[in-house]
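So the chains spell out like this:
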Amino acid sequence: MAKTVLITGGSRGIGRATAVLFASKGWNVAFSYFGNQKSADETCAKCERAGYTGNVLARKCDVRDELSVIDLFTAARERFGSIEGVVNNAGIVAPQSSIAEMDVERMKTVFDTNILGAYLVAREAARTLHSGTAIVNVSSMAAKLGAPGEYIDYAGSKGAIDALTIGLAKELGPMGIRVNAIRPGIIETDIHASGGHPDRAAELGPTCPLGRSGDPEEVAHSIFWLISPDASYVTGSIMDVSGGR
Ligand code: NAP
């Protein structure tokens, strides 16, 4: 029987690449989108083209909303039965700014989406998963670099994801559930345009030790490995996927 992965924020970027990769490996894919139905449909089409046994479910979900997150997990369980992997991926940046210029509403939106949202997803995962399953939280190199002058609020929210990963791995390890995180570096997705700097990946990529930005697919492979049984003795780890940045 095919295994099932649940991915938040699968309509674009890293979440979409991860959905397509799991589908190509024969997994069922349940993914969420926030408001971008057209992109979600495109992810479904790509999964269906890539998958040889799996099925795909797209569900609208706002990770800031407790009931919406519960509904996502319920829909995935009703459609596919059990869930074997959760990718806690949905996340946002706000327009680049110094902290002196940040208003409280912006900070609340970033923290609610990236911290509260990730914790709600982690809670539902803990309530749903069983022994032999795994969670990957999507952090960021910003947690280590601090994102000064750009997104210091975002960097702090990703520091929280690192702490969540360490605690959750210890809490769920005795139940046979592994929890790890990845810290992507500069990856070519829409998130940079959301931050008001669409060329950010092209401009900063060459400053990375590997001399380029990363593709979402390269991040997806790391996530897949961490969820897969090939990583059976890996838990509580936070892997930089950043070209050395
Ligand atoms: P992206 O291309 O901007 O996609 C963001 C995804 O999150 C979309 O699927 C979006 O849905 C969804 N989303 C936004 N707000 C949401 C909410 N309130 N509830 C549920 N879903 C929501 O971003 P990305 O670059 O792939 O980023 C994915 C993850 O990687 C994020 O956690 C990000 O912080 C992290 N990351 C990215 C980079 C990078 O360079 N790209 C680097 C480090 C870490 P809609 O399509 O419906 O809007």
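Whatever comes next refers back to the structure up there.
Draft legend 1. Structural detail: the side chain of Asp153. If you trace the backbone, Asp153 turns up in helix α6 (residues 152-172). Owing to a relative accessible area of 3%, Asp153 belongs among the buried residues under this scheme. For Asp153, the side chain forms a polar contact with the side chain of Arg106, separated by 2.7 Å. Setting aside residues up to four positions removed in sequence, Asp153 forms contacts with Met102, Arg106, Met107, Val110 and Phe111.

Draft legend 2. Structural view of the sheet that holds strand β6 (residues 178-184). The sheet built from 7 strands is open, its strands ordered β3-β2-β1-β4-β5-β6-β7 with parallel pairing. The strands lining the two open edges of the sheet, one partner per strand, are β3 (56-60) and β7 (238-241). On average, adjacent strands in this sheet sit at an angle of 15° to one another, irrespective of strand direction. Across 5 bridges, strand β2 (residues 28-33) lies against β3 in parallel orientation. Bridge assignment links Val29 to a residue of β3, and that residue is Val56. Seen against the sheet, helix α2 (residues 37-50) touches β2 and β3 and runs at an angle of roughly 165° to β2. Contacting β4 (85-88) and β5 (134-138), helix α4 (residues 104-128) crosses the sheet at an angle of about 175° to β4.

Draft legend 3. Region of interest: the site of the ligand. Near the ligand you find 32 residues, and of these Ser11, Arg12, Asn89, Tyr154 and Thr189 are the closest. A distance of 2.8 Å is found between an oxygen atom of the ligand and a backbone nitrogen or oxygen belonging to Phe34. The separation between an oxygen atom of the ligand and a polar side-chain atom of Thr189 is 2.5 Å. Calculation on the ligand without its partners gives an accessible area of 910 Å², and the protein chains cover 96% of this total. For the shell around the ligand, the secondary-structure elements that each account for two or more residues are α1 (13-24), α6 and α7 (191-194). Residues belonging to the shell around the ligand are distributed by class as follows: 13 nonpolar, 14 polar and 5 charged.

Draft legend 4. Spotlight on the side chain of Arg200. In this fold, Arg200 is placed in helix α8 (residues 200-204). A polar side-chain atom of Arg200 sits 3.3 Å from a polar atom in the side chain of His192.

Draft legend 5. Expanded view of the packing of α1 against helix α9 (residues 216-227). α9 packs onto α1 with a crossing angle of 55° between their chain directions and a minimal axis gap of 8 Å. Taken together, the axes of α1 and α9 are oblique relative to one another. For α1 against α9, the interelement crossing comes out right-handed. In contact with Gly13, Ile14, Ala17, Thr18, Leu21 and Phe22 of α1, α9 contributes Pro216, Glu217, Val219, Ala220, His221, Ile223, Phe224 and Ile227. Split into classes, the residues belonging to the contact of α1 with α9 amount to 10 nonpolar, 3 polar and 1 charged.

Draft legend 6. Seen up close, α1. The first and last C-alpha atoms of α1 sit 17 Å apart over 12 residues, in line with the 16 Å expected at 1.5 Å per residue. The element α1 is largely enclosed, with a buried count of 9 among its 12 residues. Buried within α1 are the following residues: Ile14, Gly15, Arg16, Ala17, Thr18, Ala19, Leu21, Phe22 and Ala23. Tucked inside the fold, the buried residues of α1 contact β1 (4-7), β2, α2, β4, β6 and α9. Once α1 ends, the next one or two residues include Gly26, with phi positive near 90°.

Draft legend 7. Local environment of the environment of Ala193. Its place among the elements puts Ala193 in helix α7. Between the C-alpha atoms of Ala193 and Thr133, which are 60 residues apart in sequence, the distance is 34 Å.

Draft legend 8. Looking closely at the environment of Ile161. Relative to the helices and strands, Ile161 is located in helix α6. Of the residues examined, Ile161 reaches a relative accessible area of 2% and is grouped as buried.

Conventions used here
- Residues numbered from 1 in each chain as written.
- Predicted model: local features only at pLDDT ≥ 70, side-chain atom pairs only at ≥ 80, totals over all residues.
- Heavy atoms only, no water.
- Helix = DSSP H or I, 4+ residues; strand = E, 2+ residues; numbered from the N terminus.
- Buried < 20%, exposed > 50% of the residue type's maximum accessible area, 1.4 Å probe, protein only.
- Polar contact = N/O pair within 3.5 Å; in protein donor to acceptor, adjacent residues only side chain to side chain.
- Contact = heavy atoms within 4.5 Å.
- Pairing = 2+ DSSP bridges.
- Axes fitted to C-alpha atoms, helices over the stretch in contact; angles between N-to-C directions.
- Near = heavy atom within 4 Å.
- Areas by Shrake-Rupley, 256 points an atom, 1.4 Å probe, with all protein chains shown as cover.
- Nonpolar A, V, L, I, M, F, W, Y, C, P; charged D, E, K, R; others polar.
- Parallel < 35°, antiparallel > 145°, perpendicular 65-115°, else oblique.
- Left-handed = near helix turned anticlockwise from the far one by under 90°.
- Expected span 1.5 Å × (residues − 1).

Honestly, it's all geometry; don't read function into it.
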